[in-house]
Amino acid sequence: MLEEYGRILIAAALSWILFVSVDVFWRLPEKGGVSGAKAIGELIARRGGDRNGGWMMGNIVSSPDASAGTLLAACGVFVAGIPGGIAAALLVFIGNRICHDPGYAGTTGALIATGIIALSMQSGFMPSDFIVGTVIAILTIQGLSLTKASHLLGIFWRWRA
């Protein structure tokens, strides 16, 4: 039982690093981007948070970005193995086009997550560890403290400049 908790915590850390680094790599969002990301960023900034970090947080909520890609890839691998992860990446790509999101972070995140999950399964991890781990990783950004999380994400956002 304790081994399972350890795997979930490692999966959460890997997921967090994956989706934040992919969003930073793809420079998302460059500015407010989709209207939901802009609105959330502005609201967080009014509450004392970092506007740029708020835009990243808003992007997580409003568009199929790397966090959604990671979660959907974990679900796809859970259901159908590696082909399920690739199918999830295709669905995320279609979701990006529906949202008029010009980025490819969600698709990239889903494909990389599929690879990480497949490799991790060789070490005793299960796709379900990554499903729970990704939810935990998203909650650390969206659910604990919006202002503190926005400041942390704002630091990463500025690294890409």
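All of these numbers come straight from a predicted model, not from anything done at the bench. Counting of residues starts from 1 at the beginning of each chain's written sequence and follows it residue by residue. Where totals are concerned, whole chains, interfaces and linings use all residues; where local detail is concerned, this predicted model gives features only for residues with pLDDT of at least 70, and gives and counts side-chain atom pairs only at 80 or more. As a convention, hydrogens and water are excluded, and side-chain values are obtained from all of the structure's heavy atoms.

### Some words on helix H6 (residues 127–142)
Here is step 1 of the chain: Per the convention used, a helix needs a DSSP run of H or I reaching at least four residues, while a strand needs a run of E reaching at least two, with both numbered from the N terminus. By this rule, a helix spans an expected 1.5 Å times one less than how many residues it contains. A rise of 1.5 Å per residue sets the reference length of H6, with its 16 residues, at 22 Å; its end C-alpha atoms lie 22 Å apart and thus fit the reference within 8%.
Here is step 2 of the chain: Under the scheme applied here, a residue whose accessible area is under 20% of the maximum for its type counts as buried, over 50% as exposed, and between as partly exposed, the area being computed with a 1.4 Å probe on protein chains only. Within the sequence span of H6, burial applies to Pro127, Ser128, Asp129, Phe130, Gly133, Thr134, Ala137 and Ile141.

### A closer look at the packing of aromatic side chains
Here is step 1 of the chain: Stacked, tilted and edge-to-face pairs are distinguished by plane angle, under 30 degrees for stacked and over 60 for edge-to-face with tilted covering the rest, among Phe, Tyr and Trp rings (Trp via its six-membered ring) whose centres lie within 6.5 Å. Inspection of every chain in the model, using the stated rule, returns four aromatic pairs.
Here is step 2 of the chain: An angle of 15° between the planes, with centres 6.2 Å apart, marks the rings of phenylalanine 93 and tyrosine 104 as stacked. Taken as a pair, phenylalanine 93 in helix H4 (residues 66–98) and tyrosine 104 in the loop between H4 and helix H5 (105–121) lie far apart in primary sequence, eleven residues in all.
Here is step 3 of the chain: Given a relative accessible area of 37%, tyrosine 104 falls into the partly exposed group.
Here is step 4 of the chain: Arranged with centres 5.9 Å apart and planes meeting at 45°, the rings of phenylalanine 125 and phenylalanine 130 form a pair that is tilted. Grouping residues by exposure puts phenylalanine 125 and phenylalanine 130 together as buried.
Here is step 5 of the chain: A ring is scored as having a charge over it whenever the NZ atom of a lysine or the CZ atom of an arginine sits within 6 Å of its centre and within 35 degrees of its normal. Positioned above the aromatic ring of phenylalanine 93 is the side chain of arginine 97, whose terminal nitrogen or guanidinium carbon lies 4.7 Å from the ring centre.

### Some thoughts on the pattern of salt bridges
Here is step 1 of the chain: Here, a salt bridge means any side-chain nitrogen of Lys or Arg that lies within 4 Å of a carboxyl oxygen of Asp or Glu. Enumeration over the complete set of coordinates arrives at four salt bridges.
Here is step 2 of the chain: As a salt-bridge pair, glutamate 3 and arginine 7 come within 3.2 Å of each other at their nearest N and O atoms. Here arginine 7 and glutamate 3 lie together in helix H1 (residues 2–25), a separation of four residues that amounts to about one turn.
Here is step 3 of the chain: A residue is classified by how much of its surface remains accessible, and glutamate 3, at 57% relative accessible area, is exposed.
Here is step 4 of the chain: Where glutamate 42 meets arginine 51, a salt bridge forms, and the shortest distance between an N and an O atom there is 3.0 Å.

### Description of the packing of H4 against H6
Here is step 1 of the chain: Angles shown run from 0 to 180 degrees and are taken between the N-to-C directions of axes, each axis being a line fitted to C-alpha atoms and, for helices, limited to the stretch in contact. Two elements in contact, H4 and H6, have axes separated by 8 Å at closest approach and are oriented at 160°. On the basis of their axis angle, the class for H4 and H6 is roughly antiparallel. In the packing of H4 onto H6, the handedness of the crossing is left-handed. In this structure, H4 uses Ser67, Thr70, Leu71, Ala74, Cys75, Val77 and Phe78 to contact H6, whose residues at the interface are Pro127, Ser128, Phe130, Ile131, Thr134, Val135 and Ile138. For this classification, under 35 degrees means roughly parallel, over 145 means roughly antiparallel, 65 to 115 means roughly perpendicular, and everything else is oblique. Should the near helix be turned counterclockwise from the far one by less than a right angle, the crossing is left-handed, whereas a clockwise turn marks it as right-handed. The contact criterion used is simple: two residues touch if any of their non-hydrogen atoms lie within 4.5 Å.

### Re the nonpolar core
Here is step 1 of the chain: The definition of a nonpolar core used throughout is a set of buried Ala, Val, Leu, Ile, Met, Phe, Trp, Tyr and Cys residues joined through side-chain atoms within 4.5 Å. In terms of nonpolar packing, the biggest core is built from 23 residues, with Trp16, Phe19, Val20, Met57, Ile141, Leu153 and Phe156 touching the most fellow members.
Here is step 2 of the chain: Taken together, the elements giving at least two residues each to this core come down to H1, helix H3 (51–62), H4, H5, H6 and helix H7 (146–159).
Here is step 3 of the chain: Top element by residues in this core is H1. It accounts for six residues.
Here is step 4 of the chain: Leaving out residues up to four positions away in the same chain, methionine 57 has contacts with Ile44, Ile141, Gln142, Leu146, Ala149, Ser150 and Leu153.
Here is step 5 of the chain: Ranked by size, the runner-up nonpolar core spans six residues in total, among them Ala74, Val77, Ile117 and Phe130.

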